[in-house]
Amino acid sequence: LKALPPADQVLHIDLTGRNPDDGMTDIAYVKGYFFLRLIEETVGREAFDRFLRGYFDQHRFQVMDTERFVSYLRKELVTDALDQQIQIDAWVYGPGLPSNIPSVNSDRLQQVVALRMQWESGLTGPQELPWNRWTYQEQYRFISNIGAGVQMPQLAELDKVWRLTEAGNNEVAFAWLNQSVRHRYTPAYDRLGTFLENVGRRKFVAPLFTALGETGQQETAQRIYQKTRSGYHSVTINTVDGILGLHQDTDRH
């Protein structure tokens, strides 16, 4: 969130005169989630469920924009007092995360964090991790937060025990491949190539090419992209072309 300029941290982003791709960030997913969760926690689950049911019944097969949604929200669910409590304008039109952001805690994820730190420090071996009992969210949390100081032998042992390079869940595979790129764990690079060839979602593709670029592996990125580019959606192509600096010379692919 902080990496974006303030104007791009708002839910109602202004894209006038800009590339629509500039609006495709995590703001809608992360900030938007917390905004809706705050509304639910403020008005109560039963009232929020009724609101959602009415919203979808009244607006099915229709186009919706921010102003109309906020107007409907204030008319059908939120009183003036609740409006001030929720701080709707701050959430929708303001940058950053307002101070009343809901607190989300998970004992299970805290246990994952503790085990990751023990593994990184060598106090816990990979075979001691309850990997197959974890949900994919727990596995993703473990992998995506592996520290930059973790050495190659640790990654290799973790991979050998739990076969992470062969992970079938795309979220887990993405997290592992991203770490592999940033740690230059080359035994995962064959899977990296096939993953980028078979999975075209921008949320996976763009960060992996970004990681290759940021770690000085431009040649590897170019080699993979030559094979995968033609299979991507135009939005993804524009994004990756920009990441790899190819906007001026896209025809050669």
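Caption draft 1: Spatial organisation of the overall build of the protein. Helix and strand counts for the protein come out as 13 helices and zero strands. Listing each helix as α and each strand as β along the protein from the N terminus yields α-α-α-α-α-α-α-α-α-α-α-α-α. Based on the C-alpha atoms only, the size of the protein along its principal axes is roughly 60 × 50 × 30 Å. The buried share of the protein, reckoned over its 253 residues, is 41%. Sequence-distant contacts in the protein: of pairs separated by 6 or more residues, those separated by 24 or more amount to 59%. For the protein, the exposed surface amounts to about 14,800 Å²; the carbon and sulfur share of it is 49%. Once the 27 positive and 31 negative side-chain charges of the protein are each reduced to a mean point, those two points are 3 Å apart.

Caption draft 2: Spatial organisation of the nonpolar core. Ranked by internal contacts, the top residues of the largest apolar core, which has 42 residues, are Phe142, Ile143, Leu158, Leu192 and Phe209. Of all elements in the fold, only helix 6 (107–120), helix 7 (136–144), helix 8 (152–162), helix 9 (170–183), helix 10 (189–198), helix 11 (202–214), helix 12 (218–228) and helix 13 (234–243) reach the threshold of two or more residues within this core. Setting aside residues no more than four positions away along its own chain, Phe142 makes contact with Val112, Leu115, Arg116, Trp119, Leu129, Trp131, Trp134 and Leu158. One finds Phe34, Phe51, Tyr72 and Ile86 within the second-largest nonpolar core, a separate group that totals 19 residues.

Caption draft 3: Seen up close, the packing of helix 9 against helix 11. Put simply, helix 9 and helix 11 touch, their axes get as near as 9 Å, and they point 10 degrees apart. Comparing their axes, helix 11 and helix 9 come out roughly parallel. Contacts between helix 9 and helix 11 involve Asn170, Glu171, Phe174, Leu177, Asn178, Val181 and Arg182 from the former and Lys203, Phe204, Pro207, Leu208, Ala211, Leu212 and Glu214 from the latter. Class assignment for the residues of the contact of helix 9 with helix 11 results in eight nonpolar, two polar and four charged.

Caption draft 4: Structural view of the layout of surface pockets. The computed volume of the largest pocket comes to approximately 1,700 Å³. Along the wall of the largest pocket there are 33 residues; nearest its centre are Asp26, Tyr29, Val30, Tyr140 and Lys203. Going through the elements one at a time, helix 1 (27–43), helix 7, helix 9 and helix 11 are the ones with two or more residues in the lining of the largest pocket. A breakdown of the residues in the lining of the largest pocket according to their chemical character gives 19 nonpolar, six polar and eight charged. Listing elements by their share of the lining of the second largest pocket, those giving two or more residues are helix 1 and helix 3 (66–76). Among the elements that make up the lining of the second largest pocket, the one with the highest residue count is helix 1 (five residues).

Caption draft 5: Looking closely at the environment of Thr228. On the secondary structure map, Thr228 appears in helix 12. It is 8.7 Å that separates the C-alpha atoms of Thr228 and Gly200, two residues lying 28 residues apart in sequence. What Thr228 contacts, discounting residues up to four positions off in sequence, is Gly193, Leu196, Glu197 and Phe209. Engagement of the side chain of Thr228 in a polar contact is seen with the side chain of Tyr232, the distance being 3.2 Å.

Caption draft 6: Molecular detail of the side chain of Asp83. Tracing the backbone shows Asp83 in helix 4 (residues 80–86). Judged by its relative accessible area of 14%, Asp83 falls in the buried class. When sequence neighbours within four positions are dropped, the list of residues in contact with Asp83 reads Arg74, Val78 and Ile88.

Caption draft 7: Representation of the environment of Ala114. You can see Ala114 is positioned in helix 6. Exposure remark for Ala114: the relative accessible area of 33% places this residue in the partly exposed category. As for Ala114 and Phe142, which are separated by 28 residues in sequence, their C-alpha atoms are 9.5 Å apart.

Cut-off values and rules
- Residues numbered from 1 in each chain as written.
- Predicted model: local features only at pLDDT ≥ 70, side-chain atom pairs only at ≥ 80, totals over all residues.
- Heavy atoms only, no water.
- Helix = DSSP H or I, 4+ residues; strand = E, 2+ residues; numbered from the N terminus.
- Buried < 20%, exposed > 50% of the residue type's maximum accessible area, 1.4 Å probe, protein only.
- Contact = heavy atoms within 4.5 Å.
- Areas by Shrake-Rupley, 256 points an atom, 1.4 Å probe, with all protein chains shown as cover.
- Lys, Arg positive; Asp, Glu negative; His and termini not counted.
- Charge placed at Lys NZ, Arg CZ, Asp CG, Glu CD.
- Core = buried A, V, L, I, M, F, W, Y, C linked by side-chain atoms within 4.5 Å.
- Axes fitted to C-alpha atoms, helices over the stretch in contact; angles between N-to-C directions.
- Parallel < 35°, antiparallel > 145°, perpendicular 65-115°, else oblique.
- Nonpolar A, V, L, I, M, F, W, Y, C, P; charged D, E, K, R; others polar.
- 1 Å grid on protein atoms, 1.4 Å probe; cavity = no way out; pocket = protein on both sides within 12 Å on 5 of 7 lines; lining within 4 Å.
- Points joined across faces, edges and corners; volume = space filled by probe spheres on them.
- Polar contact = N/O pair within 3.5 Å; in protein donor to acceptor, adjacent residues only side chain to side chain.

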